[in-house]
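Analysis of the macromolecular model
So the chains spell out like this:
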Amino acid sequence: MSKQLDYLDELEAEAIYILREVAGQFERPALLFSGGKDSITLVHLAEKAFRPGRFPFPLVHIDTGHNFEETISYRDDLIARIGEKLIVGYVQDSIDQGKVVEQKGKNASRNALQTVTLLDTIAKYEFDACIGGARRDEEKARAKERIFSVRDEFGQWDPKRQRPELWDIYNGKIAKGENVRVFPISNWTELDVWNYIKRENIALPSIYFAHERDCITRNGQLMAASPFLNMDEEDIVTKSTVRFRTVGDISCTAAVLSSADNLDAIIEEISSSKISERGARIDDKVSEAAMEDRKKGGYF
């Protein structure tokens, strides 16, 4: 156990160092907050990095409008507790302004529409660095990212033109209009995050733990029954005991059958799983390069 705790201490120290580098190198940073376990972990790390002072950046949530109620409730309670600034960019505003078009059909989702809202929010507040909770073990496109990942003036990412990061030296120099995505827990695994959450006693939205929920089966995956799924008479609702390994737009986030209702049970479940947490994200199954294509366009 001591070796595991030492390793978590090293990961924590690295993440805090990166957060402080962001504060030191950038004028208008922001922390992208989804209400998921990784961004919640980032908030906890930011408290360790900057308390008793205030965060040198606001939290930014890109709200699809198709969220799990538990996630939004958690977000609002968290902001009330930590007393930091929250900026919300609404996908519905992008739809109303004609910048994006709502998808149609049974598999419609607002997830891909978030990119436009995110880029508009970055431009509006002139953010030069956006901190995110992505990790290299999640998906192969994310494994290509540097910890300081530069986006051009159009918000686009070029995986073939990334800066070297040698000896933990992070280069935050950017041209006008560019911004940097920063990933302080890039070197963590899903299991590392859960072990850290357990060690630090970090509260999470209840949907991460096993609970009974109305579900339907769509594309071979269990989905939370919701009007956001464009349900019809063909969708048969059944009660299932499930939990969510990842939290995103309700229209593309699948549940997993599980009885893991506490942290120890979740850690044991993940340790024996052969499927990554992104295996429950429908948006990653659109094509072989679905995530990389979205990231090139400005996605998280």
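Residues numbered from 1 in each chain as written. Predicted model: local features only at pLDDT ≥ 70, side-chain atom pairs only at ≥ 80, totals over all residues. Heavy atoms only, no water.

Some points on the pattern of salt bridges
- With the rule as written, the count across this model stands at 25 salt bridges.
- Ionic pairing is found between R51 and E84, a salt bridge with its closest N-O pair at 2.7 Å. You can see R51 sitting in the loop between α2 (37-50) and β2 (59-63) and its partner E84 sitting in the loop between α3 (69-82) and β3 (86-90), a full 33 residues away along the chain.
- Note that R199 and E200 form a salt bridge whose closest N and O atoms lie 3.0 Å from each other.
- A relative accessible area of 27% places R199 in the partly exposed class.
- Taken together, the shared-partner salt bridges connect D9, E12, K48, R199 and E200 into one network. (Salt bridge = Lys/Arg side-chain N within 4 Å of Asp/Glu carboxyl O. Helix = DSSP H or I, 4+ residues; strand = E, 2+ residues; numbered from the N terminus. Buried < 20%, exposed > 50% of the residue type's maximum accessible area, 1.4 Å probe, protein only.)

Points about the packing of aromatic side chains
- Enumeration according to the criterion identifies 9 aromatic pairs in this entry.
- Measuring from ring centre to ring centre gives 5.7 Å for F26 and F148, while their planes differ by 50 degrees; the resulting arrangement is tilted. Of the two residues, F26 sits in the loop between α1 (2-25) and β1 (29-32) while F148 sits in strand β5 (residues 148-151), which places them 122 residues apart along the sequence.
- Residue classification places F148 among the buried positions, given a relative accessible area of 3%.
- Taking 5.2 Å as the distance between ring centres and 25 degrees as the angle between the ring planes, the aromatic pair formed by F148 and Y170 counts as stacked. (Phe/Tyr/Trp six-rings, centres within 6.5 Å; stacked < 30°, edge-to-face > 60°.)

Focus: the nonpolar core
- With 55 residues, the main nonpolar core has L45, F148 and W194 as its most contacted residues.
- Of the domains in this structure, domain 1 (7-192 + 289-296) and domain 2 (206-284) are the two that each give at least three residues to this core.
- With near-sequence residues (within four places) excluded, W194 lies in contact with K37, L204, Y208, R243, L263, I266, I267 and I270.
- Core analysis: the second largest hydrophobic core is formed by 13 residues, A30, L32, V60 and L113 among them. (Core = buried A, V, L, I, M, F, W, Y, C linked by side-chain atoms within 4.5 Å. Domains from an automatic or database assignment. Contact = heavy atoms within 4.5 Å.)

Regarding the sheet that holds β2
- An order of β3-β2-β1-β4-β6-β5 is seen for the 6 strands of this open sheet, with the pairing classed as mixed. The open sheet is flanked by β3 and β5, the only strands paired with a single partner. Going across the sheet, the axis of each strand differs from the next one's by a mean of 30 degrees, ignoring polarity.
- Where β1 meets β2, 2 bridges bridge the pair, whose relative direction is parallel. (Pairing = 2+ DSSP bridges. Axes fitted to C-alpha atoms, helices over the stretch in contact; angles between N-to-C directions.)

Some remarks on the pairing of strand β8 (residues 221-224)
- Of the two faces of β8, the one holding Q221 and M223 and the one holding L222 and A224 are both buried throughout.
- Two strands pair when backbone bridges link them, and strand β7 (residues 211-218) and β8 are joined in this way by 4 bridges, in the antiparallel orientation. Note on β8: the bridge partner recorded for R218 is Q221.
- A loop of 2 residues connects β7 with β8, the two strands running antiparallel in sequence, and N219 in this loop sits at a positive phi of about 55 degrees.
- Here 2 bridges tie β8 to strand β10 (residues 254-257), and the two strands are oriented antiparallel to one another. Note that in β10 the partner of M223 across the bridge is A254.

Description of helix α7 (residues 190-200)
- The buried fraction of α7 amounts to 8 of the 11 residues, a majority that puts the element mostly inside the structure.
- Among the residues of α7, E190, D192, V193, W194, N195, Y196, I197 and E200 are the ones counted as buried.
- Immediately beyond the C-terminal end of α7, within one or two residues, lies N201, with a positive phi of roughly 55 degrees.

Focus on a nonpolar patch on the surface
- Residues L166, W167 and I169 make up a contiguous nonpolar surface patch of roughly 420 Å² in combined accessible area.
- Here I169 is to be found in the loop between β5 and β6 (179-182). (Patch = residues over 30% accessible without salt bridge, like charges linked within 9 Å, V, L, I, M, F, W, Y side chains within 5 Å. Areas by Shrake-Rupley, 256 points an atom, 1.4 Å probe, with all protein chains shown as cover.)

Focus: the side chain of N67
- Looking at the element boundaries, N67 is found in the loop between β2 and α3.
- One polar contact links N67 to D63, side chain to side chain, over a distance of 2.4 Å. (Polar contact = N/O pair within 3.5 Å; in protein donor to acceptor, adjacent residues only side chain to side chain.)

Looking at unusual backbone geometry
- Following R51, the chain continues into P52 via a peptide bond in cis, with omega recorded as 10 degrees.
- In this fold, P52 is placed in the loop between α2 and β2.
- Non-glycine residue N201 carries a positive phi angle of around 55 degrees.
- Summarising the element assignment, N201 is placed in the loop between α7 and β7.

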